[in-house]
Amino acid sequence: MEFDFSEDYRLLADQLRRALEEAAPLEAARKTVDTGQINVTAWELLGEMGILASGISTDFGGNGLGPLPVCLAAEAIGWSVAAIPTASLYHATPLIQSCGSPEQQDRWLPALASGSATACVATDSALAVEDDHITGVISPVSGGTGASVAIVRANNQLWLVDMAENAVEQEALESRDPGRQLCRITFRNTPATRMTGDDADLALNHAVVCVAFEQIGGASRALNGAIDYSRERRAFGQTIGSYQAIKHKLADIWTKIEIARAHAMYAAWSLGTGAVDLPLAAAAARASATEAYLFAAQETLQVHGGYGFTFESDSHLFYRRARALAACYGPAVEWRSRLAARLIAGETTKH
Amino acid sequence: MEFDFSEDYRLLADQLRRALEEAAPLEAARKTVDTGQINVTAWELLGEMGILASGISTDFGGNGLGPLPVCLAAEAIGWSVAAIPTASLYHATPLIQSCGSPEQQDRWLPALASGSATACVATDSALAVEDDHITGVISPVSGGTGASVAIVRANNQLWLVDMAENAVEQEALESRDPGRQLCRITFRNTPATRMTGDDADLALNHAVVCVAFEQIGGASRALNGAIDYSRERRAFGQTIGSYQAIKHKLADIWTKIEIARAHAMYAAWSLGTGAVDLPLAAAAARASATEAYLFAAQETLQVHGGYGFTFESDSHLFYRRARALAACYGPAVEWRSRLAARLIAGETTKH
Amino acid sequence: MDFADSPIDAQFRAQAREWLAAHAPVTRGRGRVAWPDDATLVAAAREWQSKKAAAGYAAIALPREYGGGGGTTTQQIIFRQEEERYDVPFGVYEIGLGMCVPTLLALGSDKVKERFVARAISGAEIWCQLFSEPAAGSDLAALRTKAVKTGENWLVDGQKVWTTGAQFSDYGLLLARTDSSATKHAGLTLFIIDMRAPGVEVRPIRQLDGGVEFNEVFLSGVMIPDEFRLTVPGGGWAGAMTTLMFERLNVGANIGLIDSSTLIDISRRLETSTGRASDDPHVRDIIAQAYLNDRGLKLLTYRTLTNLGRGQLPGPEQSITKLVIASQAQLIANLLLDLRGQEGALVGSALGDGWEAVERSWSFGAAMRIAGGTDEILRNVIAERVLGLPAAKRDDTTRPFNEDAA
Amino acid sequence: MDFADSPIDAQFRAQAREWLAAHAPVTRGRGRVAWPDDATLVAAAREWQSKKAAAGYAAIALPREYGGGGGTTTQQIIFRQEEERYDVPFGVYEIGLGMCVPTLLALGSDKVKERFVARAISGAEIWCQLFSEPAAGSDLAALRTKAVKTGENWLVDGQKVWTTGAQFSDYGLLLARTDSSATKHAGLTLFIIDMRAPGVEVRPIRQLDGGVEFNEVFLSGVMIPDEFRLTVPGGGWAGAMTTLMFERLNVGANIGLIDSSTLIDISRRLETSTGRASDDPHVRDIIAQAYLNDRGLKLLTYRTLTNLGRGQLPGPEQSITKLVIASQAQLIANLLLDLRGQEGALVGSALGDGWEAVERSWSFGAAMRIAGGTDEILRNVIAERVLGLPAAKRDDTTRPFNEDAA
């Protein structure tokens, strides 16, 4: 029984966290609320550390290390509340890797591996297609602003659109978490190429498992901050951390995070080994991590009292990001519904 | 604005509570768990105090005081966890009063007013009827054991059955709260008389409002006991009531009870004045009081620690009764569903 | 039980309704009114307040000799119920008339009352309240702002926080420490502070949601004449408690958060991927639960009004309202945003009609679980003052303040 | 990550499986086995224990010299996983082998170890643990049972409570106060007590649900020879903490409460007035939520097993399991009873197959939120020992016990 990341991966996780803490300190995340700018340094760092290349096979400029390094990076991204076009890394890259034609892979994967291109995804769209030209609107698209390539669904198939084409209109949308850029993309008879694979579920599961790690990273940082604050802040002659109302709240947050982390780790294992129980494991990771981060962000803000409500505190960074990550890929209640359907149908996990 | 019982009624509430505390002490309720016996003294007391007669018009041996005295009695019954065939008082009596034929009223209401007879109800049944004879099973029936008369539904009409008829078989069922007797009644071609009214809803609303008062009485007694215990019991050098975990739990219980009490009072007003918003008000009282009692019983038991789990403590009396009252007339979730339907349809209250 | 006004109150309500119809012509829409800027708000509020003062509606329950209405608290609440149907500027005078003036009347010298009360009621002068500090939130008595006696004046240095309306106030109630060698609660004194005096600097606090509804107030060598002292030196804690007691009379005030009615309204209109939101059993159950709370709290307000009518003061049980409503607003806002699917990550203004109020409850709901007593403090208050549970052991109240570890 | 056993553990599991198939032939059904009476249970347990002892499976992680298996904790857990597939008597030896024997090995003299350990492992003698008292539950150090030295013996008077298995135990670990003038924790001593000695009276405690799974033990002038003392006088607290630390090694033990699998099973079979229960969105959401907890806790157990495999002791984070499972069992039981409508007021046996387990979780779920550390204590443990939050202020630990207000 070895239910943990290997020693190598644990070292990598540490490195990633420290590197991102430096490249993307919380003060930068606070500035991003006003600027809405992507943290290019942090993005380049992920490229340098081989993270962007790890989900890509060596044939196409990747390092073929698979999904685990991306999961660990996601946790560090969550921890630092970094402003990064994660949809490219979590979702688009594995989708092109699994469903792209050799030409598409050859054209895009090396650029995605190096970080010189980013991609966005709207596989739940229903666009019109005629003669390999696409028309319609997708919105809101995460990481669409500045993406070089988009993957969409039309005529019940996946298509790849080169965003350099003229007939693509991008409109930035106002996001409650400006660190996660959202936009509306309008295609007007835009040329597109058909993807050869059509199984979008694997990449979707890849994405939600990565987001689960990001949620766990954010929730953990929020909890750590609240622990620190409650050990220092005094009221009625004692640190507030000595009061049961605070203690029990923080214990409940920790409990939710630990349970979500266990689900995320199992889902990562399923992802890494190609286990058949990935859909069940990914839904469990998504549902539990979403609830854990929403709860952690909301209640650690409360622990900070009035200070937690100021822009100068860190609390709102977690509060915003928790909500943004809850919205992307749909709310926890939907994933619980899918999970229940599988369980009632008798599905089980391998271990 | 006078949103409170009048001075007279508040005095009556006090009298009822004190009288029932004496006639039905908690020690008696504990014995009832083993014996399953009705508290005859308490029942007779309600007769002597005019409670059994108050929902009955003066034409038929009642005192015509209406539903408020019954609501106050229900709260005292809840407070004392008394073993009483309440379905007769809360449900059957107003149903015969509102839907009985003059002959049925003349035959039964005087006996119900004096307490010499009790009645049971299964208006949600669907029995077979042929030539004014009824066949079928109703189960579980509250207060059916020993009832002189039963009201049932057959062929989508209400019927009254004299239980002295031979062709009625009663089988006592094992209740989780032996203070509330339940039974299965089998009719085999049993003579029945048709009731003239067919509106069972008013009496049902009467019943659930009374049960709400009973639930609030029980929840309040459970809370009081937990407050007393937590002011005495010591751990780590302080009374446990000085710890926030206990304090906040008790504050939450109190909050739920006060909200439920407000709903029950408004529902009693609707009942007493014949207001059209009774269905909305009764559903609100039922849903909130059910949740309040379940929560209060469960969490005050927890406050008592290991002692709360012993038969010798009072906690299980509330825990049993709260569950039994949650089951009768269907669970809170169903009433919330009805409430939501009315609200979404645009129904509102008068005040 | 009787929901009707008493004959005399019914007459008052009819008169108020008539007067309002004549003088406050803009009927109010749903939700709070947003004023473009403070200057516009203050000008409108001043004008409206002076109209009300002329008609005797400015401070209905305060004595006539200072320009009040000489009426009852019940009548004041009746007027407010009627006034809330109109689009008139609320908020600017609430702290002054609701908390500061009653404190002045209870504690002030005749000279103080003459100087300040009538001008506050007429709207000529606006008041705020300077109690909380960065290190003294829930534990107000831990405040550090110092007032030192120098001749006939007090010299004040320190910092206050969460001061609503400080930016446009003329005067404020100030709680300051005048004796650091006394115990925590015994070394405080209550003053009137001139918000235009040299050394008073007001800085807006930027909030989570980008808004600025509160201020920090920095006090550097601010001079307060001794005649502006409201309590004996060291008697400030009891004085401040008087002020906070009047806060509880602010019965049933709308805290501007969404409730079950918003949830019903929006979910009836909202189509999701699985159909109309109001048909979703999960949404329906939360509609019912939220209604049970909202409606229950409204009924509890009826009970409080009943008690006021009987001449009783509202007790700490009033704490229920904010405790229940603020958390619930957060919950409803999260539910509604979830129903928007991926669009739930957008700002309210991008989501359509009514969604800015949802976003505000998402963000400001978090603030309302803290402001005016955190959830945790409110539960303590209920447990200790309503249920009679013992206070927790503490040792900060018996030592001199300057020896406290804090 | 790798869920497979190590080669050596896999071999152990295969052997254990083979041995169990040969010697424990009755395959186990769902839920706990009910034994008709204690005598039958104890006889069956004794027989099973002696079989296991002969095969080296009686106490796998304990040293061979006393009849243990000389294996690892991981192997002990593997054996338990396999053993739980069979209908064999659990419970009788769990406290003795899980907590008492490790304590004897850690603290006992050679003479004590020789006298007791092998006989406990072979099943010849059954052990229980006498720590809790009526006035010392969460606050164990408040216990009052006194042990007074008289010559070479100690004379014990007092009362213990919640003693599982006291009625059929031969010996017990007893924590008693030997010095009332010392502070609360410093005046305690740990002993071995002969449960058959004169003055020991065991009375079953009748529970909420009518069952009797715990006992009170009254001790009147019970003589304990000094050689049965396990710690120095006054060193009992540390000794008791050793015992409780071993309790945590009881990883993943089934506490016999219903979980998401029960909810799925029953709701798939249950027709309600609105259709099949498993089609109800409210039920489905609770199925998912319960599964997330159950499955999450199972995965956390994998993590603990991983740490055990690395030679680490399980920490206080093990507290999560009971904290989450017991409340959830209450919630699921209430949901299921609600689904039965008016029948939800009947006892489990009247509700059909599987419903006695539901009723047991309704009642015993309440007990499990208290036994072995209340929800409140477990949250304190997580907050203080895992998250590093400060302990609450208390003043009962520094005064002599006999001066405490209690």
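If you're wondering where the values come from, they're calculated on a predicted model, not measured in any experiment. (Residues numbered from 1 in each chain as written. Chains lettered and ligands numbered in written order. Predicted model: local features only at pLDDT ≥ 70, side-chain atom pairs only at ≥ 80, totals over all residues. Heavy atoms only, no water.)

*Asks:* In this structure, what is going on with the overall build of chain A? I would like to understand it.
*Replies:* Scanning chain A from N- to C-terminus turns up 12 helices and nine strands. By the compact-globule yardstick of 20 Å for 351 residues, chain A fits well, its C-alpha radius of gyration being 20 Å. With respect to the principal axes defined by its C-alpha atoms, chain A has extents near 75 × 45 × 35 Å. With 351 residues in all, chain A has 67% of them scored as buried. Contacts in chain A between residues at least 24 apart in sequence constitute 74% of all its contacts with a sequence separation of at least 6. Carbon and sulfur atoms make up 48% of the accessible area of chain A, which totals about 11,800 Å². (Helix = DSSP H or I, 4+ residues; strand = E, 2+ residues; numbered from the N terminus. Rg over C-alpha atoms; globule rule 2.2 N^0.38 Å. Buried < 20%, exposed > 50% of the residue type's maximum accessible area, 1.4 Å probe, protein only. Contact = heavy atoms within 4.5 Å. Areas by Shrake-Rupley, 256 points an atom, 1.4 Å probe, with all protein chains shown as cover.)

*Asks:* Looking at this model, I keep getting lost on the overall build of chain C. Mind explaining?
*Replies:* On a plain count of helices and strands, chain C comes out with 11 helices and nine strands. A compact globule built from 406 residues would reach a C-alpha radius of gyration of about 22 Å, and chain C, at 23 Å, matches this within 12%. Over its C-alpha atoms, taken along the principal directions, chain C stretches across nearly 75 × 50 × 45 Å. In chain C, buried positions account for 52% of the 406 residues.

*Asks:* Looking at this structure, how should I read the interface of chain C and chain A?
*Replies:* The extent of an interface is frequently quoted as the accessible surface area lost upon association of the parts. Taken together, the contact between chain C and chain A spans 47 residues of the former and 39 residues of the latter. Viewed at the interface, chain A and chain C are joined by five salt bridges. Arg369 of chain C serves as the salt-bridge partner of Glu299 of chain A, at 2.9 Å between the closest nitrogen and oxygen. At the surface where chain C touches chain A, the tally comes to 22 residue pairs in polar contact (both at pLDDT 80 or more). Of all the secondary-structure elements, those providing two or more residues to the side of chain C that touches chain A are α9 (320-339), α10 (355-368) and α11 (375-386) of chain C. (Salt bridge = Lys/Arg side-chain N within 4 Å of Asp/Glu carboxyl O. Polar contact = N/O pair within 3.5 Å; in protein donor to acceptor, adjacent residues only side chain to side chain.)

*Asks:* What is the right way to look at the sheet that holds strand β7 (residues 193-194) of chain B in this model?
*Replies:* In a beta sheet, neighbouring strands are held together by backbone hydrogen bonds and run either parallel or antiparallel to one another. Residues and elements named next belong to chain B. If you walk across this open sheet you meet the seven strands as β5-β6-β2-β1-β3-β4-β7, and the pairing is mixed. Single-partner strands in this sheet number two, and they are β5 (168-173) and β7. Strand direction decides the pairing type here: strand β2 (residues 133-142) and strand β6 (residues 182-191), joined by seven bridges, are antiparallel. Counted as the bridge partner of His133 is Pro191 from β6. Where helix α6 (residues 86-99) meets the sheet, its contacts fall on β1 (119-130), β2, β3 (149-154) and β4 (157-162), and the angle it forms with β1 comes to roughly 55°. (Pairing = 2+ DSSP bridges. Axes fitted to C-alpha atoms, helices over the stretch in contact; angles between N-to-C directions.)

*Asks:* For this particular structure, what's the right way to read helix α10 (residues 355-368) of chain D?
*Replies:* Side chains of residues three or four places apart in an α-helix project in the same direction, reflecting 3.6 residues per turn. Residues and elements named next belong to chain D. Here α10 is 14 residues long and its end C-alpha atoms lie 19 Å apart, about the 20 Å a rise of 1.5 Å per residue gives. Considering bend angle alone, the principal kink of α10 is centred on Trp362 and spans about 35°. Of all 14 residues in α10, 11 are buried; the element is thus mostly enclosed. Regarding α10, the residues found buried are Trp355, Val358, Glu359, Ser361, Trp362, Ser363, Phe364, Gly365, Ala366, Ala367 and Met368. (Expected span 1.5 Å × (residues − 1). Bend = angle between axes of the 7 residues up to and from the residue.)

*Asks:* Looking at this model, I keep getting lost on the domain arrangement of chain C. Mind explaining?
*Replies:* Residues and elements named next belong to chain C. Taken domain by domain, chain C consists of domain 1 (5-90), domain 2 (125-238) and domain 3 (254-385). The gap between the C-alpha centroids of domain 1 and domain 3 is 26 Å. Approximately 580 Å² of surface area, both sides summed, lies buried where domain 1 meets domain 3, with 48% of it carried by carbon and sulfur atoms. Put simply, domain 1 and domain 3 have zero salt bridges between them. The interface formed by domain 1 and domain 3 holds zero residue pairs in polar contact (both at pLDDT 80 or more) in total. (Domains from an automatic or database assignment. Buried area = accessible area lost by both parts, 1.4 Å probe.)

*Asks:* Sorry, what's going on with the sheet that holds strand β1 (residues 119-130) of chain A here?
*Replies:* Residue and element names in this part refer to chain A. With mixed pairing, the seven strands of this open sheet are ordered in space as β5-β6-β2-β1-β3-β4-β7. Pairing within the sheet leaves two strands with one partner each, and these edge strands are β5 (168-173) and β7 (193-194). In terms of strand pairing, strand β3 (residues 149-154) meets strand β4 (residues 157-162) through six bridges, oriented antiparallel. Bridge assignment links Arg153 to a residue of β4, and that residue is Leu158.

*Asks:* Would you mind showing me how to read helix α7 (residues 102-114) of chain B here?
*Replies:* All names here are of chain B. With 13 residues, α7 should cover 18 Å at 1.5 Å per step; its first-to-last C-alpha distance of 18 Å lies within 8% of that length. Taken as a whole, α7 carries its principal kink of about 30° at Trp108; the proline Pro110 stands between one and four residues after it. Along α7, the positions that sit buried rather than exposed are Gln104, Gln105, Trp108, Leu109, Ala111, Leu112 and Ala113. Considering only its buried residues, α7 is in contact with α4 (51-54), α6, β1, β3, β4 and β7.

*Asks:* Sorry if this is basic, but what is going on with the confidence of the model for chain C here?
*Replies:* Detailed conclusions should not be drawn from predicted coordinates in areas where pLDDT is low. On average, chain C scores 92 in pLDDT, and the residues at 70 or more come to 96%. Taken together, the chains of this predicted complex give a pTM of 0.97 and an interface ipTM of 0.96. (pLDDT = per-residue confidence, 0-100.)

*Asks:* Please clarify how the pairing of strand β1 (residues 127-130) of chain C should be interpreted in this entry.
*Replies:* A regular strand places its side chains so that they alternate between the two faces of the sheet. All names here are of chain C. Taking every second residue as pointing to the same face, both faces of β1 are buried, with Trp127 and Gln129 on one and Cys128 and Leu130 on the other. As defined by bridge partners, β1 adjoins strand β4 (residues 171-177) across four bridges and the pair is classed as parallel. Residue pairing across strands places Leu130 opposite Leu174, the latter belonging to β4.

*Asks:* What exactly am I supposed to notice about the interface of chain A and chain D here?
*Replies:* Listed as interface residues are 45 residues of chain A and, on the opposing side, 46 residues of chain D. For the pairing of chain A and chain D, the buried interface totals around 4,200 Å² over both sides, and the portion due to carbon and sulfur atoms is 66%. One can count six salt bridges joining chain A with chain D. With a shortest N-O distance of 2.7 Å, Asp285 of chain D and Arg336 of chain A are connected by a salt bridge. Among the elements of the structure, α7 (200-232), β9 (238-239), α8 (244-273), α9 (278-303) and α12 (332-344) of chain A are those that each provide at least two residues to the side of chain A that touches chain D. At 16 residues, the largest contribution of residues to the side of chain A that touches chain D is made by α8 of chain A. Looking at the side of chain A that touches chain D residue by residue, the classes come out as 22 nonpolar, 14 polar and nine charged. (Nonpolar A, V, L, I, M, F, W, Y, C, P; charged D, E, K, R; others polar.)

*Asks:* Quick question: what am I supposed to make of the packing of α9 of chain C against α10 of chain C here?
*Replies:* Helix-helix packing: each pair is described by the crossing angle between the helix axes and the interaxial distance. All names here are of chain C. Where α9 contacts α10, the two axes come as close as 8 Å, and the packing angle between them is 135°. In terms of their interaxial angle, α9 and α10 are classed as oblique. Crossing angle aside, the handedness with which α9 passes α10 is left-handed. Seen from α9, the contacting residues are Lys322, Ala326, Ala329, Gln330, Ala333, Asn334, Leu336 and Leu337; seen from α10, they are Trp355, Val358, Ser361, Trp362, Gly365, Ala366 and Met368. Broken down by class, the residue content of the contact of α9 with α10 amounts to 10 nonpolar, four polar and one charged. (Parallel < 35°, antiparallel > 145°, perpendicular 65-115°, else oblique. Left-handed = near helix turned anticlockwise from the far one by under 90°.)

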